[in-house]
Amino acid sequence: MSTPKIKGIVEEMVQPYLDEHNFELVDVEYVKEGSNYFLRVYVDKEGGIDIDDCGMVSEYLSQKLDENDPIPTAYFLEVSSPGAERPLKKSEDVAKAVGKDVFVTVYEAVDGLKEFEGRLLSFENEELVISAGKKQKEYTIPYAKVASARLAIIF
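Only a predicted model underlies this, so the values are computations on that prediction, with no experimental measurement involved.

### Things to note about the packing of aromatic side chains
- Overall, the coordinates contain five aromatic pairs when judged by the stated rule.
- The ring of phenylalanine 38 has arginine 40 sitting right over it, with the charged end atom 4.7 Å from the ring centre.

This is how it looks when you write it as structure tokens:
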């Protein structure tokens, strides 16, 4: 079974539980590392997620996966917080990150750059405006050119 199909099945299984408990599904990964497969589910909530929350989601999802058995190979299930540098997977995630520090990579150079780390000033009309660099120059990045984005901790 393909990774995107597994991710879709897992998202469908866990979403009702997450909605019921006011959790947000940040991402689902199904990856092979060495000889082992890992199913990783990243969840969050307003104010942050703790180990007890992760345990509750893990128990629920484990039971659902056992009932439906959609993954033909053995794997390890991990449920965790996305961390301080959480990925911004959807446009809604980017919109929530306005005013925060971000790290963005693009498919195609913008103003000669492919990486931007700085403050996300706005996200309107499918464009990110980031203040980055030592001189805090403003860059306007079309959302369609974003390869990846995440929150950043800038020292």
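The discussion continues.
### Looking at the nonpolar core
- Formed by 21 residues in total, the largest nonpolar core has its most connected members in Val10, Leu18, Val43 and Val57.
- Breaking this core down by element, the ones donating at least two residues are helix H1 (3-20), strand E1 (24-33), strand E2 (36-44) and helix H2 (51-68).
- When residues of this core are assigned to their parent elements, the largest contribution, six residues, is made by H1.
- Those residues in contact with valine 57 that sit more than four places away from it in its chain are Val14, Tyr17, Leu18, Phe23, Val43 and Val79.
- Grouped together as the second largest cluster of nonpolar side chains are 18 residues, Leu88, Val104, Ala132 and Ile141 included.

### Some details on the sheet that holds strand E7 (residues 137-142)
- Ordered by their spatial adjacency, five strands build an open sheet running E7-E6-E5-E4-E8, and the pairing between neighbours is antiparallel. For this open sheet the edge positions go to E7 and strand E8 (146-151), each flanked by a neighbour on one side alone. The average undirected angle you get between the axes of adjacent strands in this sheet is 40°.
- In this sheet, E7 lies alongside strand E6 (residues 127-132) in antiparallel orientation, the contact comprising six bridges. When the bridges of E7 are listed, glutamate 127 appears paired with proline 142.

### A short note on the layout of surface pockets
- Its volume calculated, the largest pocket comes out at about 330 Å³.
- Taken together, 16 residues make up the lining of the largest pocket; nearest its centre are Glu24, Asp44, Arg86, Lys96 and Lys100.
- Looking at the lining of the largest pocket residue by residue, the class counts come to four nonpolar, four polar and eight charged.

### A short note on the pattern of salt bridges
- Enumeration according to the criterion identifies 13 salt bridges in this entry.
- The residue glutamate 24 makes a salt bridge to lysine 96 at a minimum N-O spacing of 3.9 Å. Taken together, the positions of glutamate 24 in strand E1 and lysine 96 in helix H3 (residues 91-96) put the pair 72 residues apart, joining distant regions of the chain.
- A salt bridge links arginine 40 to glutamate 78; the nearest nitrogen and oxygen atoms lie 2.6 Å apart. Note that arginine 40 is positioned in strand E2 and glutamate 78 in strand E3 (residues 76-80), a separation of 38 residues in sequence.
- Residue classification places arginine 40 among the buried positions, given a relative accessible area of 13%.

Parameters at a glance
- Residues numbered from 1 in each chain as written.
- Predicted model: local features only at pLDDT ≥ 70, side-chain atom pairs only at ≥ 80, totals over all residues.
- Heavy atoms only, no water.
- Phe/Tyr/Trp six-rings, centres within 6.5 Å; stacked < 30°, edge-to-face > 60°.
- Lys NZ or Arg CZ within 6 Å of the ring centre and 35° of its normal.
- Core = buried A, V, L, I, M, F, W, Y, C linked by side-chain atoms within 4.5 Å.
- Buried < 20%, exposed > 50% of the residue type's maximum accessible area, 1.4 Å probe, protein only.
- Helix = DSSP H or I, 4+ residues; strand = E, 2+ residues; numbered from the N terminus.
- Contact = heavy atoms within 4.5 Å.
- Pairing = 2+ DSSP bridges.
- Axes fitted to C-alpha atoms, helices over the stretch in contact; angles between N-to-C directions.
- 1 Å grid on protein atoms, 1.4 Å probe; cavity = no way out; pocket = protein on both sides within 12 Å on 5 of 7 lines; lining within 4 Å.
- Points joined across faces, edges and corners; volume = space filled by probe spheres on them.
- Nonpolar A, V, L, I, M, F, W, Y, C, P; charged D, E, K, R; others polar.
- Salt bridge = Lys/Arg side-chain N within 4 Å of Asp/Glu carboxyl O.

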